[in-house]
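Each chain, written out:
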Amino acid sequence: MERKTKVNAEEGKQDLVITREFDLPLELLFKAYEEPEFLEQWMGTKVLKLENRMHGGYHFETSDPKGNVVFKANGVIHEFSRNQRIVRTFEMENTPFPVQLEFLEFEKLTDETSKLTMHIIYKSVADREQILRMPFAQGINMAHNRLQEVLLTLK
Amino acid sequence: MNLRRDVFQAISDPTRRAILMLVASHALTAGAIAANFDTARPTVSKHLQILTECELLKQNQNGREIYYHINAKKMKEVADFIEPFRNMWDDRFNKLEDVMKKYKSKKQ
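Every chain is numbered independently, its residues counted from 1 as its sequence is written. In the order they appear in the text, chains get letters beginning with A and ligands get numbers beginning with 1. Two thresholds apply to this predicted model, a pLDDT of at least 70 for residue-level local features and 80 or more for giving and counting side-chain atom pairs, whereas whole-chain, interface and lining totals are computed over all residues.

### Quick look at the overall build of chain B
Point 1. By the criteria applied, helices consist of DSSP H or I runs no shorter than four residues and strands consist of E runs no shorter than two, each listed in order from the N terminus. Counting its regular elements, chain B contains six helices and three strands.
Point 2. Secondary structure elements of chain B occur, N-terminal to C-terminal, as α-α-β-α-α-β-β-α-α.
Point 3. Out of the 108 residues belonging to chain B, those deemed buried represent 25%.
Point 4. A residue pair is marked as a contact if its C-beta atoms, positioned from the backbone, fall within 7 Å. Counting only contacts in chain B whose residues sit at least 6 apart along the sequence, the fraction spanning at least 24 positions is 51%. Exposure criterion: with C-beta atoms placed from backbone coordinates, a residue whose C-beta has 20 or more other C-beta atoms within 10 Å is buried, one with 12 or fewer is exposed, and one in between is partly exposed.

Below you can see the structure in the form of structure tokens.
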């Protein structure tokens, strides 16, 4: 399969850029970020709070199949421009990772395709490297839960 | 893993990155490498030592001269390092695409 998602992490820098082109119209791509119902489905997490506006905040929580909370993340929204841009912070609760700043740019490519550019800025070069060293830090439980769901549907 | 941390510390320095670029095409002696930099020779030697210690560079004795060349295997390891992170996002975005495509077809 073609590698659709690209990560550009230059050595020795404290930021990185993730880009992805989607076979989705811009409006649908943005909706996936805007509506809790969709976020929950593709992120595999529970959306406790999502205030899509300047000064708004969000709060995600993921539980394992037994109901234990295994992952909590939160942040504040600095800019919310529909079909254009989201600027927000992201913090994983109860982890040593400091809060990070995220710039999400949404672009229309054609009527049926779109592009997301995610620019993430970490507190330091070392913090970025640590996140990269623990690639699943942001999603291990989510990925795990999703895998379980998939396996359950296969049974 | 300490080794990995050392590798990333090693390549976080611009002079060391320049050294890696320099020897990427062919092996060079310490003197030939130092000639490319304004930095004092002992400083370049220190950089070479660090790069050798974390295995990004290899030394080859050729007569009285020591040649430095790049350790392609180690360099690849550094490049691959980002792969699990990229995979995580790719999985996530694939899921996003699936979810929204299903929604789209339901809507129509």
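Back to the text.
### Considering the packing of helix α2 (residues 36–43) of chain A against helix α6 (residues 83–107) of chain B
Point 1. Orientation is described by axes fitted as lines to C-alpha atoms, over the contacting stretch for helices, and by angles from 0 to 180 degrees between their N-to-C directions. Where α2(A) meets α6(B), the axes come as close as 8 Å, and the angle between the chain directions of the two elements is 135 degrees. Overall, the two elements α2(A) and α6(B) adopt an arrangement that is oblique. The way α2(A) lies across α6(B) gives a crossing that is right-handed. Taking contact as the criterion, the partners of Phe38(A), Gln41(A), Trp42(A) and Met43(A) in α2(A) are, on α6(B), Arg92(B), Lys95(B), Leu96(B), Val99(B) and Met100(B).
Point 2. For this classification, Asp, Glu, Lys and Arg are treated as charged, while Ala, Val, Leu, Ile, Met, Phe, Trp, Tyr, Cys and Pro are nonpolar and the rest, including Gly, are polar. Each residue belonging to the contact of α2(A) with α6(B) can be placed in one class, and the counts come to six nonpolar, one polar and two charged. Oblique is the label for every angle not falling under 35 degrees (roughly parallel), over 145 degrees (roughly antiparallel), or within 65 to 115 degrees (roughly perpendicular). We call a crossing left-handed when the near helix sits turned anticlockwise from the far one by less than a right angle, and right-handed when that turn is clockwise.

### Quick notes on the interface of chain A and chain B
Point 1. Listed by partner, the interface residues are 27 residues for chain A and 23 residues for chain B.
Point 2. Only β1 (5–8), β2 (15–22), α1 (26–34), α2 and α3 (125–133) of chain A provide two or more residues apiece to the side of chain A that touches chain B.
Point 3. A per-class count over the side of chain A that touches chain B returns 16 nonpolar, four polar and seven charged.

### Remarks on helix α4 (residues 41–53) of chain B
Residue and element names in this part refer to chain B.
Point 1. Here, expected helix span is obtained from the residue count minus one, scaled by 1.5 Å. Along its 13 residues, α4 runs 18 Å from first to last C-alpha, staying within 8% of the 18 Å computed at 1.5 Å per residue.
Point 2. Turning to α4, its buried residues are Val44, His47, Leu48 and Leu51. All buried residues of α4 lie within an arc of 100 degrees about the axis, which places them on one face of the element. For α4, exposure combined with an orientation more than 90 degrees from the buried face picks out Pro42 and Gln49. The directions from the helix axis to the C-beta atoms form the arc being described.

### Here's the deal with the nonpolar core
Point 1. For this analysis, nonpolar core means a set of buried Ala, Val, Leu, Ile, Met, Phe, Trp, Tyr and Cys residues linked through C-beta atoms within 7 Å. In this structure, Leu29(A), Ala32(A), Trp42(A), Trp89(B), Leu96(B) and Met100(B) are the most contacted members of the largest nonpolar core, which totals 26 residues.
Point 2. For this core, the elements supplying multiple residues, two or more each, are β2, α1, α2, β4 (56–63) and α3 of chain A together with α6 of chain B.
Point 3. Considering each element in turn, this core owes the most residues, seven residues, to α6(B).
Point 4. Membership of the second largest hydrophobic core comes to 16 residues, among which are Val7(B), Ile19(B), Leu20(B) and Leu56(B).

### Observations regarding the confidence of the model for chain B
Detailed reading of the predicted coordinates is not advisable wherever pLDDT falls low.
Point 1. The pLDDT value expresses, per residue, how confident the predictor is, ranging between 0 and 100. Per-residue confidence for chain B gives a mean pLDDT of 84; residues scoring 70 or more make up 93%.
Point 2. Of all helices and strands in chain B, the one with the weakest mean pLDDT is helix α1 (residues 2–11) of chain B (64), whereas α4(B) scores best (93).

### Some thoughts on the sheet that holds strand β3 (residues 65–70) of chain B
Residues and elements named next belong to chain B.
Point 1. By definition, two strands form a pair when at least two bridges between them are found by DSSP. Across the sheet, three strands lie side by side as β1-β3-β2; this open sheet has antiparallel pairing. Both outer strands of the open sheet, β1 (28–29) and β2 (57–62), are each paired with one neighbouring strand and no more.
Point 2. Most of the contacts of helix α2 (residues 14–25) go to β3, to which it runs at about 100 degrees, and overall it touches β1, β2 and β3.

### A look at unusual backbone geometry
Point 1. Of note, His55(A) is a non-glycine position whose phi angle comes to about 75 degrees, a positive value.
Point 2. Even without being a glycine, Glu55(B) presents a positive backbone phi close to 70 degrees.
Point 3. Summarising the element assignment, Glu55(B) is placed in the loop between α4 and β2.

### Comments concerning the environment of Arg86(B)
Point 1. Among the secondary structure elements, Arg86(B) is positioned in helix α6.
Point 2. For Arg86(B), a count of 18 C-beta atoms within 10 Å gives the class partly exposed.
Point 3. Leaving out residues up to four positions away in the same chain, Arg86(B) has contacts with Thr5(A) and Val7(A).

### Topic: the packing of α1(A) against α6(B)
Point 1. Across the interface, α1(A) lies against α6(B) with an axial gap of 10 Å and an inter-helix angle of 115 degrees. With respect to α6(B), the element α1(A) is oriented roughly perpendicular. Handedness of the crossing formed by α1(A) with α6(B): right-handed. Contacts between α1(A) and α6(B) pair Leu28(A), Leu29(A), Lys31(A) and Ala32(A) from the former with Leu96(B), Val99(B), Met100(B) and Lys104(B) from the latter.
Point 2. Its residues placed into classes, the contact of α1(A) with α6(B) shows six nonpolar, no polar and two charged.

### Things to note about the environment of Trp42(A)
Point 1. Within the fold, Trp42(A) resides in helix α2.
Point 2. It is 8.1 Å that separates the C-alpha atoms of Trp42(A) and Ala32(A), two residues lying ten residues apart in sequence.
Point 3. Apart from the residues lying within four places of it in its own chain, the contact partners of Trp42(A) are Ala32(A), Arg92(B), Lys95(B), Leu96(B) and Val99(B).

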